[in-house]
Amino acid sequence: MRRTRKAGGVTSVQTPPEQVIPEPEGMALACAAPGEFPALRIGPMVVWPPVILAPMAGVTDVPFRALCREHGEQGRMMGASPLSIDSAPGLYVNQMITARAWLEDHPKTLKLAEFGADESPRSIQLYGTVPEEVGETVRRLVDQGAVDHIDMNFGCPVPKVTKHGGGAALPVRHRLLRRIVRAAVDGAGDIPVTIKFRMGVDDDIMTFIETGLIGEDEGCAAIALHARTAEQLYSGHARWHAIGELKQAVTSIPVLGNGDIWEPADALAMMRETDCDGVVIGRGCLGRPWLFSALAAAFDGQPLPELPSFAVVSQIMLRHAEMLVDWYGNEGALRQFRKHALWYLMGFPIGGDMRNQFARFTTLAELRELVELVDPSELFPPGVLRQPRSHSGGPRAVHLPEGWLADRDNDQPPGGGADSIVSGG
Ligand SMILES: Cc1cc2nc3c(=O)[nH]c(=O)nc-3n(C[C@H](O)[C@H](O)[C@H](O)COP(=O)(O)O)c2cc1C
């Protein structure tokens, strides 16, 4: 959903032009057979089901992660698989921080790097283009006992970063990439490091196999591919065949697949089609944290839970908002909850006026009142299950720094704005 400013400063809510991702073949096979998939191992961590919440800036904060984990745990309890014993109920990755901002003690970055009191494993995503800064950040995070897993972001498609050689442009400079990954792995000691990347800059500059092999070579505990190029942004379909190719090439560590998992059947289809070792869930869980419960059921071979009515959705939505106010300590935090509210409401026939009110509330009391106005017996609209939430833009040409391709062996950090990243992957 997109919010636009109208004349007079009134905000209205628009639903993007309808885009629905088609179902994978064999959608009927929504349950795993007993023993079909093993638990995912990322260094010392054993994860069952093999499901990872993708790092998403502005989304995967403590409250959202806690909610997703709760649902994942509930789903796992229904199956009571022996794989659940002594394993994490999925891995829920924090938002990205940049090495430089963390080293410089930026308050916002320090807050982002916090975890819930009982959160385990604690997983965070890190970005940096200077090997020494990345190494130092990882070393200090690990020395402080602050994390159990570090993921490195090499997939950000934001133009202001790629045009300086950062983000998704960085893997082109394979030697620099190698230095950064090595610095992170060396700094991490026994803490597992993973890398997440795209297929390449565009269809002419594909880097994912080389990037995966570098990750494997330098001691990463797993690698994750968002099966789109930077040029694709979030458009079209994720090209799962690339995940299969990566899995063929990288044989000694787990390969995780990412892109277009909207329903449990997509996760199983991706694992079956590509032979990947785990799935990374991005936009599919926005406004639908219960997807993790359904995923757990599917991997345990259990019947999928029914889609929730509005009565259930509204309880989850209110709980999410309350957790957010608790975590940030004031109702001002609800401003950033509005996008979640609109994702929760996607497809429910509540009308434009009501939707606009949900885009404006400022207090928990107002949110509770608004929720009361919606018919609790409304059933979740299955038509929106495969409709992308949040990002769906692209394709967009990627501009690289001058000479970037001609000097691929250069192992020096690009400097300039390559570190001025906020998010994305
Ligand atoms: C709001 C939003 C923020 C994102 N932020 C990040 C990020 O900080 N780091 C990252 O590696 N990927 C980020 N991504 C990309 C996702 O992790 C994921 O790779 C992408 O959405 C594709 O998966 P999907 O098709 O399941 O959504 C973001 C995606 C969204 C929608």
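What counts, and where the lines are drawn
- Residues numbered from 1 in each chain as written.
- Predicted model: local features only at pLDDT ≥ 70, side-chain atom pairs only at ≥ 80, totals over all residues.
- Buried ≥ 20, exposed ≤ 12 C-beta atoms within 10 Å, placed from the backbone.
- Helix = DSSP H or I, 4+ residues; strand = E, 2+ residues; numbered from the N terminus.
- Pairing = 2+ DSSP bridges.
- Right-handed = clockwise from strand over helix to strand, strands pointing away.
- Domains from an automatic or database assignment.
- Contact = placed C-beta atoms within 7 Å.
- Nonpolar A, V, L, I, M, F, W, Y, C, P; charged D, E, K, R; others polar.
- Expected span 1.5 Å × (residues − 1).
- Core = buried A, V, L, I, M, F, W, Y, C linked by C-beta atoms within 7 Å.
- Axes fitted to C-alpha atoms, helices over the stretch in contact; angles between N-to-C directions.
- Parallel < 35°, antiparallel > 145°, perpendicular 65-115°, else oblique.
- Left-handed = near helix turned anticlockwise from the far one by under 90°.

Colleague: Sorry if this is basic, but what is going on with the pairing of strand β12 (residues 222–226) here?
Modeller: It is a general feature of regular strands that their side chains alternate between the two faces of the sheet. Of all five residues in β12, five are buried, a share of seventy percent or more. Side chains of β12 alternate between two faces, with Ala 222, Ala 224 and His 226 and Ile 223 and Leu 225 buried alike. Strand direction decides the pairing type here: strand β9 (residues 193–198) and β12, joined by five bridges, are parallel. The residue bridging Ile 195 from the neighbouring strand is Ile 223, located in β12. Relative to strand β13 (residues 255–258), β12 runs parallel, the two sharing four bridges. For Leu 225, the partnering residue across the bridge sits in β13 and is Gly 257. The handedness of the β12 to β13 crossover, carried by helix α8 (residues 240–249), is right-handed.

Colleague: Where do I start with the domain arrangement of the protein chain in this structure?
Modeller: Accessible area lost on assembly of the parts is the figure often given for the size of an interface. Taken as a whole, the protein chain is organised into domain 1 (37–306 + 395–419) and domain 2 (308–379). A straight line from the C-alpha centre of domain 1 to that of domain 2 covers 29 Å. Counting from both sides, the interface comprises nine residues of domain 1 and, opposite them, eleven residues of domain 2. Of the residues assigned to the side of domain 1 that touches domain 2, the class counts are seven nonpolar, two polar and no charged.

Colleague: So what exactly am I meant to see when it comes to the pairing of strand β14 (residues 278–281) here?
Modeller: Here β14 shows no split at all, with Gly 278 and Val 280 on one side and Val 279 and Ile 281 on the other all buried. Relative to β14, strand β5 (residues 51–53) runs parallel, the two being bridged by three bridges. Paired with Val 51 across the strands is Val 279, a residue of β14. This β-α-β element, β13 to helix α9 (residues 264–274) to β14, shows right-handed connectivity.

Colleague: Sorry, what's going on with helix α1 (residues 62–79) here?
Modeller: Given 3.6 residues to a turn, an α-helix orients residues that are three or four positions apart in the same direction. Taking 1.5 Å of rise per residue, 18 residues should cover 26 Å, and α1 covers 26 Å from first to last C-alpha, within 8% of that figure. Those residues of α1 that sit buried are Val 62, Pro 63, Phe 64, Arg 65, Ala 66, Leu 67, Cys 68, Arg 69, His 71, Gly 72, Gly 75 and Arg 76. Tucked inside the fold, the buried residues of α1 contact β5, β6 (91–98), α10 (291–299) and α11 (310–328). Positive backbone phi, at 50°, marks Ala 80, one or two positions downstream of α1.

Colleague: I tried to follow the nonpolar core on my own but got confused; where do I start?
Modeller: When a protein is soluble and globular, its nonpolar side chains tend to lie buried together. Ranked by internal contacts, the top residues of the largest apolar core, which has 107 residues, are Ile 150, Ala 184, Ile 223, Leu 225 and Ile 281. Leaving out residues up to four positions away in the same chain, Leu 225 has contacts with Phe 197, Met 199, Phe 208, Ala 242, Ile 243, Leu 246, Gly 257 and Asn 258.

Colleague: What's the story with the sheet that holds β12 in this structure? I'm lost.
Modeller: Taken together, the eight strands give a closed barrel; going around it, the order is β5-β6-β7-β8-β9-β12-β13-β14, and neighbouring strands pair in parallel fashion. Taken over all neighbouring pairs, the strand axes of this sheet differ in orientation by 30° on average, direction set aside. Packing against the sheet, α9 makes contact with β5, β13 and β14, and its axis sits at approximately 140° to β14.

Colleague: What is the right way to read the packing of α1 against α11 from this model?
Modeller: The angle between the axes and the distance between the axes are what describe a pair of packed helices. For the pair α1 and α11, interaxial distance at closest approach is 8 Å and the crossing angle is 140°. Between α1 and α11, the angle falls in the class oblique. For the crossing formed where α1 meets α11, the hand is right-handed. Contact with α1, carried on its side by Val 62, Pro 63, Ala 66 and Leu 67, involves His 320, Met 323, Leu 324 and Trp 327 of α11 and no other residues of that element.

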